Amino acid sequence: MVSADRLRQITEAVRGAGSIGVAELSALTGASEMTIRRDLETLAGQGILERYRGGARSLLLRGDEPPFALRVQEGLEVKRRIAAEVAGLIADGESVVLDSGTTCLEVARALEHRRLTVLPLSLHAVNALTGAPHLTLLVPGGRPRQGELALTGPLTEASLAALRFDTAVIGCCGLNAANGLTAYDLDDAAVKRTAIASARRIIAVADGAKLSRTALAFVTPVSALHAVVTDEAAPDGEVDALAAAGVHVRQV
């Protein structure tokens, strides 16, 4: 098991149990107790859990989004395939608003050498696109969320409301035909809604697992989406339901 997968498994086990011992985590993951202790120190440093002698207890509430540092390496190959597909849907010369999140960060990297105007909604993506040779980079105002570095608040929303984009690339925490596109964070959901209102075409990006999830904050019904780019792990029933709602679904 690679480190990122093991950290995710440990996080889910600790959150599910509330607290759990090193020996139990070692048996669960197949890693040595020494490795588990190092992993717990890493996760404690990210604010995910609290260490105690012989184990750890979760600091994440049910429904909390795992920290960016943990998510950024998870499913990286899938995210890169999604990003490449999205880049192929965007023509040179377009103006693009690019949402926050780990999949959208990979989209930013896929657009680095394109002739586009891009306004990213996270400082991670701003950093990835700084110095791009042919790209016009716009930076919104706003308050960056700790760790995530997603820009939120009235300054971000005002920046978006003042502009009109050809395409919005929107990430999510959950997406399905019944409950629409959802997010964990209320401020993030408000920024997503403003970005959607500012664009002519809306492309949602989500790994297949998110098509079976619903998060707390409603963003938009799927009828507002023009396309969804996901992977082949997406449940067939959800893919069919999105298509029946008029959304073009592309699986990579």
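These figures come from a predicted structure and were not determined experimentally.

**Q** Describe in detail the overall build of the protein, supporting the description with residues and values.
**A** Scanning the protein for helices and strands turns up 10 helices and 15 strands. Taken over the C-alpha trace, the protein has a radius of gyration of 19 Å; the compact-globule value for 252 residues is 18 Å, and the two agree within 12%. Here the C-alpha coordinates of the protein stretch approximately 55 × 40 × 30 Å along the principal axes. Each of the 252 residues in the protein was classed as buried or not, and the buried ones make up 51%. Pairs at least 24 apart in sequence give 58% of the contacts found in the protein among residues at least 6 apart. For the protein, the accessible area works out to roughly 11200 Å², and carbon and sulfur atoms hold 50% of it.

**Q** Before we move on, could you go through the nonpolar core and cite the residues and values that matter?
**A** Membership of the largest hydrophobic core comes to 30 residues, with the highest contact counts inside it found for V97, L160, L175, L181 and L225. Those elements that place two or more of their residues in this core are β9 (165-170), β11 (180-183), α9 (186-197), β12 (199-205), β13 (217-220) and α10 (236-244). Considering each element in turn, this core owes the most residues, 4 residues, to α9. Not counting residues up to four positions away in its chain, the partners in contact with L175 are G180, L181, A204, K210, L211, S212, R213, V222, L225 and V228. Counting residues in each nonpolar core, the second largest holds 26 residues, with I82, V86, V96 and A132 among its members.

**Q** Describe the pairing of β12, naming the residues involved and giving the relevant values.
**A** The buried count for β12 comes to 6 of 7 residues, which makes it a mostly enclosed element. Of the strand pairs in this sheet, β9 and β12 are connected by 5 bridges, and their pairing is parallel. Of the residues in β12, the one forming a bridge with I170 is A204. As paired elements, β12 and strand β14 (residues 227-230) share 3 bridges and run parallel to each other. The partner of I203 across the bridge, within β14, is A227.

**Q** So what about the side chain of D188? Which residues, and what values?
**A** Mapped onto the fold, D188 is located in helix α9. Residue class for D188 comes out buried when judged on its relative accessible area of 7%. What D188 contacts, discounting residues up to four positions off in sequence, is D99, S100, R145, T152 and A183.

**Q** Account for helix α6 (residues 102-110), naming residues and giving values.
**A** Counting buried positions along α6 gives 7 out of 9 residues, so the element sits mostly inside the fold. Buried within α6 we find T102, T103, C104, L105, E106, V107 and A108.

**Q** Give me the packing of helix α1 (residues 3-17) against helix α2 (residues 22-29): which residues, what numbers.
**A** At a closest axis distance of 11 Å, the pairing of α1 and α2 adopts a crossing angle of 130°. Taken together, α1 and α2 sit at an angle that is classed as oblique. Two packed elements cross with a definite hand, and for α1 against α2 that hand is right-handed. Here R6, Q9, I10, A13 and V14 of α1 come into contact with α2, specifically with L25, L28 and T29. Its residues placed into classes, the contact of α1 with α2 shows 5 nonpolar, 2 polar and 1 charged.

**Q** Describe the pattern of salt bridges, with residues and values.
**A** Per the counting criterion, the structure on display carries 14 salt bridges. The partner of R200 in a salt bridge is D166, and the shortest N-O contact between them spans 3.8 Å. With R200 in strand β12 and D166 in strand β9, this pair connects stretches of sequence that are 34 residues apart. Taking the relative accessible area as the measure of exposure, D166 reaches 24% and is therefore partly exposed.

**Q** An account of the state of the cysteines is requested, with residue identities and associated values reported.
**A** Taken as a whole and assessed by the stated rule, the structure comprises 0 disulfides. C104 takes part in no disulfide bond, and the closest cysteine sulfur to it belongs to C172, at a distance of 8.9 Å. Counting only cysteine sulfurs, C172 is the nearest neighbor of C173, a cysteine outside any disulfide, at a range of 6.9 Å.

**Q** Can you explain the sheet that holds β14? Please cite residues and give values.
**A** Spatially, the 7 strands line up as an open sheet ordered β6-β5-β4-β9-β12-β14-β15, and their pairing is parallel. A strand with exactly one partner marks an edge of an open sheet, and here the two such strands are β6 (136-137) and β15 (248-251). Two elements, strand β4 (residues 95-98) and β9, share 3 bridges in a ladder whose sense is parallel. Within β9, the position partnered with V96 by the bridge is T167.

About the thresholds
Residues numbered from 1 in each chain as written. Predicted model: local features only at pLDDT ≥ 70, side-chain atom pairs only at ≥ 80, totals over all residues. Heavy atoms only, no water. Helix = DSSP H or I, 4+ residues; strand = E, 2+ residues; numbered from the N terminus. Rg over C-alpha atoms; globule rule 2.2 N^0.38 Å. Buried < 20%, exposed > 50% of the residue type's maximum accessible area, 1.4 Å probe, protein only. Contact = heavy atoms within 4.5 Å. Areas by Shrake-Rupley, 256 points an atom, 1.4 Å probe, with all protein chains shown as cover. Core = buried A, V, L, I, M, F, W, Y, C linked by side-chain atoms within 4.5 Å. Pairing = 2+ DSSP bridges. Axes fitted to C-alpha atoms, helices over the stretch in contact; angles between N-to-C directions. Parallel < 35°, antiparallel > 145°, perpendicular 65-115°, else oblique. Left-handed = near helix turned anticlockwise from the far one by under 90°. Nonpolar A, V, L, I, M, F, W, Y, C, P; charged D, E, K, R; others polar. Salt bridge = Lys/Arg side-chain N within 4 Å of Asp/Glu carboxyl O. Disulfide = S-S within 2.5 Å.

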